[in-house]
Amino acid sequence: MRQISPLTLSWILVVALLFPILIVLGIYMRTVQAEQLPSLQSWFYPVMTLHGLGMVGLWFTAPLACVADALKRYVKPSSTIGWLAFGGTVVGIVLLLVCVLVGRFAAGWYFLYPLPLMGGWPQWSTVLFLVALTVLGVAWLLWSLDLLRAIAQRYSLTHALAWHYLAGRNEPEVPPLVLISTVSLIVCVAALIAAVVVIVLFFADMSGGIKTDSLLMKNLTFFFGHVIVNLSMYLGAAVTYEVLPEYTTRPWRTNRVVALSWNAVLVIVLLAYFHHLYMDFAQPTTVQYIGQIASYASSIPAAVVTIFGALLLVYRSSMRWGLASVLFFVGLAGWAIGGVGAVIDSTITVNAVLHNTLWVPAHFHSYFLMGLVLMTLAYFYHCCQGAAAHAERGVSRWWIMGLTLFGGYGFLLMFYLAGALSVPRRYAIYPAEVSYGAGYAGAAAAFAAMFLVGLLWLLGRMWKRWAETSAAPT
Amino acid sequence: MVARSDVEALGGDIGCAHVSRSLSAASRLLAAALLSGAALACAASTSSSTFREEARLIDHRLPDIELSLGDGRIAHLSSLWREQPLLLTLFYRRCTGTCVPSLLVIRDEIARTRQAPEFRALGLSFADSDTAEDMRAQAQALALEHDPRWLFAVASPPDVKRLADALGFWFRRDLTSEQYDHPTLIVGIVQGRIVRALLGYPISNEDLRELIWELRGRFVPYYQLPGQLRLRCFEYDGRTGRVRPDWGLLLLLAPGTIAMVIAGTVFTVGARARSGGAARRVAEPLLRLRPGVHKPSA
Amino acid sequence: MRIIVLSLASLLLSPFIAPSVAAAQEQAAAIFQQKCTACHTIGGGKRVGPDLAGVTQRRQTDWLVRWITRPDAMLAEKDPIAVQLLAESAQVPMPNLGVQESEARALIEYIGAQSAAASAPSTAAPAPVVLPPPSLGPVQRTALILFLLLTVLITVVFIAVAVSTRRPSTVDVKKAYGLRRVFLFVAAGGLLVALAGTLSRTPYPGADSRPDHIVYVAARQFDFYFSLEPIVSVADLSTVPLVKHLELPVGSSTEFRVTSLDVNHNFALYGPERRLLAQTQAMPGYVNRLRVHLDAAGRYQVLCLEYCGAGHHLMQIELTVK
């Protein structure tokens, strides 16, 4: 097994540094909501913004870094662009930190127009925020285009999208990693372009006083947000397709069904975003229906092809269970569970009573925290242990998984219960009407702390494993 | 009861937003895809005080009165509005002022409505001196005698007064000229309740079109903000029934489309970069583990 | 409650005030209503901004006039009181609302008069009441139970698959694909049934019926306003009659026509059992019509469910169904 590349190692360090901090910010949020930090309450909304931006950004770049690393098995991405993207991301992170911590920018991670212009924070922080997004957008766009270029140098578009499998031909063989990456990168470009349009329209308002239609802005913003979050999930699935087989010693190949499923995803993911606008009644009813149909449809490829395929891969295999493989496996379960919560909420008549309650963070934390995060950490761990000569030792892996699972799912359960009980999301303090929300928040903070301990332990083990394997001769 | 003072209007239009009901079943889907565009050009076409007067009438219930129609029939107002939505305007036969021009405007606008109108128009005279015969003559004068969508009627003076009071409509006889001073009022009535009112002359065709749409059940849920770039996705021309995509739709479709174009470009350039453009057989993956090789440890 | 006190107080006081003074007070009241109530009360407790009861005693009039007319300049000049107020108000600065000096003086007089009438704000914050959770609404209950059942199913399947690796063997792929086909049909079938069952029951207002009542709602940072006439702009807040205590008859259908005067908000109606019944977004430039059947009598609360800034969690209004 090759050594881990310096670029991938740098990304691991960024995750190791930022993820615990962002979790602490999350714990702070739930603690404030539990009415335990009244003196720090005024920071809630800026911290909420930072936590959201940080997590979405981090868990887009980290799986993309994994995919870029894994793709090196087949294609040659440019390391210059890779480092440029890394640098751009770091610069963007610094700018965001400044605009939130110094400027108290607090528009929430999806910066819904026109709130960034009317929130009471200084205008410079809004400008800096938009500049930060621009920097990140440029860096990520270049990165995505370079990865597409690398794939294109070896595969034609129809091959990369595995259309020949649809026609019944298995040659040339296209690994699922390449197929899923191609799909994800194409929609990534679409999402980033939507963000560009939004940023331009924001600048038009700030400099020219030209207001844009608020419904159009919301459509564009949620197109960007929905697609980028979903494709992050798919990138996690891509590396799972690539690496999990190594632990089961069974191959996971592209076939007609896999090709059909991921090509369907390419279309469906662009249409499902309407489910974020169900409560904007001014939206034409036809697209509301399209949103529900597409959202329901998006669960079929995930469940029937990817998750079933993974279970089939593992079932009665000579599976080598170690931290990496367990994390992949459990991550898939988390994705499935989060998907269930999402599909339920994407029903219009249910959304009418769950929209913007805590059910919403419940479902996206599910497939992110207990899905994508675990898959990405699994890949990182897999890389870190490289060509390790000895198997994992010690009972710490049970502790790590136990803390992670118990803490993680306990944290999520608090969200689901509170959401079902109509507790609103994004409230710094719960008013009398929903004051029972504070209890759930407190319990959630405790569970999250447990997860954090498990995470730090895992990161410690990862570092140790890397140190062992990089010292040992390969 | 709703806490309100006696005069009470229950809501009205918000600038260019219009209230109406969406259509049934199959046409609902079509209508649902459209943001009706009849309100587009309306950037505060009425002054705010007129608008307030119009708004105050919304949702008022009208009294039922007995009508003598121009064709000789007797009918109750409620029987008319129960069958179909009703566009009502008040006038009188010997008017030398705005009555006839108003009726002409209404007539022409209704005629331009291409699809089945699904409502009727009623011209009601408020002058004591007008008779059913006068109404028939009026219909003839406007070439509407045989148009089933148009009715002209008179009513007894107390009934007229009752209705006028409910509509906030005033009329004063000028004894020297034998003419009446009165405003121009058009109301849309659905099941006995006013859904929209237009006050004042000259009548804006946009507003009238919207009132007609009101009667037919379209809802235009937006209004213009100052300095707003109008970038909605769809505009619906109420008169022609055609959907017109607006710039907003282009902006919304652009990201996906451009992404596909970019992907196509990248792969086309990549195809040229591959040797001779010939599809190279995918050889062993560059660094892939061959099946059967175990990963040393987990 | 405090609004009732204020309204009663002003009703009681008005016959005693000379007509010209009454007119000036009315104008000042209108400006206060339009520009100040989003963040301040007089004797009603702190909102985003401080309670203004007694402020005319605490601060010099000249300072107040400068503060009301150009708060942004005073903050930029780092006026010490201004900076302190900013810190106390969760860093939400008082915006410059274009109040003229004469208007500011009228406002100060008005606030002084209202302060005299209002009950003194209690110095001790009332002990927070933590209400027990409400019972689950039918839709929420179904959603939660379905979610938990499927989660348990997923967990069981994953555990079973994991345990199966203790006895490795080859798998009959054809059989597996057959099982997958079954899974596909069951999943797709279930989703289709759900689609058919739920798409017909959307909250979007239908054509067939008209509501019994229409209420206009305008949302802005950080308050809701009810009216029986449309509120299109902030200026309307001082001209349109606002309904402070909305009462609706039980069993009626009401259509709330919701708009926003600034950023996106959300009109979320909680019933007497404190469950979320229905909601719609409040969008600037749009009217969203939310039709509800108010079947239970009692006190209904409206919360804002779309994050709208520092006072987001403070936005509330009540209505009563009798």
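Residues numbered from 1 in each chain as written. Chains lettered and ligands numbered in written order. Predicted model: local features only at pLDDT ≥ 70, side-chain atom pairs only at ≥ 80, totals over all residues. Heavy atoms only, no water.

**Things to note about the overall build of chain A**
Helix and strand counts for chain A stand at 15 helices and 1 strand. Relative to its length of 474 residues, chain A is compact, with a C-alpha radius of gyration of 22 Å against a globular reference of 23 Å. Reported as C-alpha extents along the three principal axes, the dimensions of chain A are approximately 55 × 50 × 40 Å. Among the 474 residues that make up chain A, the fraction classed as buried is 72%. Counting only contacts in chain A whose residues sit at least 6 apart along the sequence, the fraction spanning at least 24 positions is 83%. Only carbon and sulfur atoms are counted for the fraction: they give 74% of the accessible area of chain A, which is about 13,400 Å². Across chain A, the centroid of the 23 positively charged side chains sits 9 Å from that of the 14 negatively charged ones. (Helix = DSSP H or I, 4+ residues; strand = E, 2+ residues; numbered from the N terminus. Rg over C-alpha atoms; globule rule 2.2 N^0.38 Å. Buried < 20%, exposed > 50% of the residue type's maximum accessible area, 1.4 Å probe, protein only. Contact = heavy atoms within 4.5 Å. Areas by Shrake-Rupley, 256 points an atom, 1.4 Å probe, with all protein chains shown as cover. Lys, Arg positive; Asp, Glu negative; His and termini not counted. Charge placed at Lys NZ, Arg CZ, Asp CG, Glu CD.)

**Re the overall build of chain C**
Scanning chain C for helices and strands turns up 9 helices and 9 strands. The 322 residues of chain C split such that 48% are buried. Look at the contacts in chain C between residues 6 or more apart in sequence, and 65% of them connect residues 24 or more apart. Accessible surface, chain C as shown: approximately 15,200 Å² in total, 64% of it carbon and sulfur.

**Things to note about the domain arrangement of chain C**
By the assigned domains, chain C splits into domain 1 (25-119), domain 2 (173-202) and domain 3 (213-321). For domain 1 of chain C and domain 2 of chain C, the distance between their C-alpha centres works out to 61 Å. (Domains from an automatic or database assignment.)

**What to know about the sheet that holds strand β7 (residues 288-293) of chain C**
All names here are of chain C. A sheet is described by the order of its strands in space; here 4 strands give the open sequence β2-β1-β4-β7, paired in mixed fashion. The sheet terminates laterally at β2 (223-227) and β7, the two strands that pair on one side only. Sheet twist, expressed as the mean angle between neighbouring strand axes with direction ignored, is 25 degrees. Sheet topology places strand β1 (residues 213-220) next to strand β4 (residues 253-260); 7 bridges connect them, and they run parallel. Bridging from a neighbouring strand, A219 pairs with S260 of β4. (Pairing = 2+ DSSP bridges. Axes fitted to C-alpha atoms, helices over the stretch in contact; angles between N-to-C directions.)

**A look at the confidence of the model for chain C**
All names here are of chain C. Per-chain confidence: chain C averages 84 in pLDDT, with 86% of residues scoring 70 or above. The secondary-structure element of chain C with the lowest mean pLDDT is helix α1 (residues 2-13), recorded at 49, while strand β5 (residues 265-270) shows the highest, at 97. For residues 7-19, every residue scores under 50 in pLDDT, and the model assigns this stretch 4 contacts once sequence neighbours within four places are set aside. Confidence drops under a pLDDT of 50 for residues 121-125, and excluding neighbours within four residues, the segment shows 2 contacts in the predicted structure. (pLDDT = per-residue confidence, 0-100.)

**Here we look at the pairing of β4(C)**
Of all 8 residues in β4(C), 8 are buried, a share of seventy percent or more. Taking every second residue as pointing to the same face, both faces of β4(C) are buried, with S253(C), E255(C), R257(C) and T259(C) on one and T254(C), F256(C), V258(C) and S260(C) on the other.

**With respect to the sheet that holds strand β4 (residues 120-125) of chain B**
Residue and element names in this part refer to chain B. The strand order β2-β1-β5-β4-β3-β8-β9 describes an open sheet built from 7 strands, whose pairing is mixed. If you trace the sheet from one side to the other, it starts and ends with β2 (74-76) and β9 (193-199), each paired once. The average angle at which neighbouring strand axes cross in this sheet is 30 degrees, direction not considered. Along the sheet, helix α5 (residues 132-141) makes contact with β1 (66-69), β3 (86-91), β4 and β5 (150-154), crossing β5 at roughly 150 degrees.

**With respect to helix α7 (residues 101-117) of chain C**
Across its 17 residues, α7(C) extends 24 Å between first and last C-alpha, which sits within 8% of the 24 Å expected from 1.5 Å per residue. Buried within α7(C) are the following residues: A104(C), L107(C), I108(C), Y110(C), I111(C), Q114(C) and S115(C). (Expected span 1.5 Å × (residues − 1).)

**Digging into the interface of chain A and chain C**
Contacts between the two partners involve 88 residues from chain A and, on the opposite side, 83 residues from chain C. Note on chain A versus chain C: buried area summed over both sides is about 7,400 Å², and carbon and sulfur give 69% of it. Of all residues in chain A, F281(A), R316(A) and E433(A) bury the most surface against chain C, accounting for 11% of the area lost on that side. Viewed at the interface, chain C and chain A are joined by 0 salt bridges. Counting only elements with at least two residues in the side of chain A that touches chain C, the list comes to α2 (44-71), α8 (214-248), α10 (285-314), α11 (323-345), α12 (348-354) and α14 (396-420) of chain A. Here the side of chain A that touches chain C gets 15 residues from one element, more than from any other, and that element is α10(A). (Buried area = accessible area lost by both parts, 1.4 Å probe. Salt bridge = Lys/Arg side-chain N within 4 Å of Asp/Glu carboxyl O.)

**A short note on the packing of aromatic side chains**
Under the counting rule described, the total for this entry stands at 45 aromatic pairs over all chains. The ring of W43(A) is capped by R104(A), whose NZ or CZ atom sits 3.9 Å from the centre of that ring. The residue whose ring lies beneath R180(C) is Y177(C), and the NZ or CZ to ring-centre distance is 4.3 Å. (Phe/Tyr/Trp six-rings, centres within 6.5 Å; stacked < 30°, edge-to-face > 60°. Lys NZ or Arg CZ within 6 Å of the ring centre and 35° of its normal.)

**Thoughts on the nonpolar core**
The biggest cluster of nonpolar side chains holds 265 residues, and the ones touching the most others in it are F19(A), W59(A), F226(C) and F256(C). Here the element with the most residues in this core is helix α7 (residues 176-208) of chain A; it accounts for 22 residues. F226(C) has contacts with V215(C), Y216(C), V217(C), L242(C), V243(C), L246(C), F256(C), F267(C), V302(C), I317(C), E318(C) and L319(C), leaving out every residue within four places of it along the chain. Listed in part, the 57 residues of the second largest apolar core include Y92(B), L103(B), L151(B) and L211(B). (Core = buried A, V, L, I, M, F, W, Y, C linked by side-chain atoms within 4.5 Å.)

**Overview of the pairing of strand β8 (residues 185-190) of chain B**
All names here are of chain B. Burial analysis of β8 places 6 of its 6 residues in the buried class, which makes it a mostly covered element. Both faces of β8 are covered, namely the face carrying L185, V187 and I189 and the face carrying I186, G188 and V190. As judged from the 6 bridges shared by β8 and β9, these two strands associate in the antiparallel manner. Looking across to β9, one finds that I189 is bridged to I194. Counting the residues in the hairpin turn of β8 and β9 gives 2 residues, including Q191, whose phi is positive at 50 degrees.

**Examining the environment of C384(A)**
Residues and elements named next belong to chain A. With respect to the helices and strands, C384 occurs in helix α13 (residues 359-385). On the basis of relative accessibility, which here comes to 3%, the residue C384 falls in the buried class. The spatial distance from the C-alpha of C384 to the C-alpha of A259 is 31 Å, given a sequence separation of 125 residues. In contact with C384, other than residues within four places in its own chain, are I4, I12, M462, R465, W466 and T469.

**Looking at the packing of helix α1 (residues 6-33) of chain A against α13(A)**
All names here are of chain A. Where α1 meets α13, the axes come as close as 11 Å, and the angle between the chain directions of the two elements is 135 degrees. Our classification of the angle between α1 and α13 gives oblique. Handedness of the crossing formed by α1 with α13: left-handed. Packed against α1, whose contacting residues are T8, I12, V15 and F19, the element α13 presents L369, V373, L377, F380 and C384 at the interface. Of the residues assigned to the contact of α1 with α13, the class counts are 8 nonpolar, 1 polar and no charged. (Parallel < 35°, antiparallel > 145°, perpendicular 65-115°, else oblique. Left-handed = near helix turned anticlockwise from the far one by under 90°. Nonpolar A, V, L, I, M, F, W, Y, C, P; charged D, E, K, R; others polar.)

**A short note on the pattern of salt bridges**
Residue and element names in this part refer to chain B. Evaluated as defined, the whole model comprises 26 salt bridges over all chains. E145 is the salt-bridge partner of R136, the closest N and O atoms lying 3.1 Å from each other. Given the relative accessible area of 28%, R136 is considered partly exposed. Residue classification places E145 among the partly exposed residues on the basis of a relative accessible area of 32%.

**What to know about the packing of α8(A) against α11(A)**
Residues and elements named next belong to chain A. Across the interface, α8 lies against α11 with an axial gap of 10 Å and an inter-helix angle of 140 degrees. As summarised for this structure, α8 and α11 are arranged oblique, according to the angle between their axes. α8 and α11 meet at a crossing whose hand is left-handed. Between α8 and α11, the contacting residues are M233, Y234, A237, V239, T240, V243, L244 and Y247 on the first element and A324, S325, F328, L332 and W335 on the second. Partitioning the contact of α8 with α11 into residue classes produces 11 nonpolar, 2 polar and no charged.

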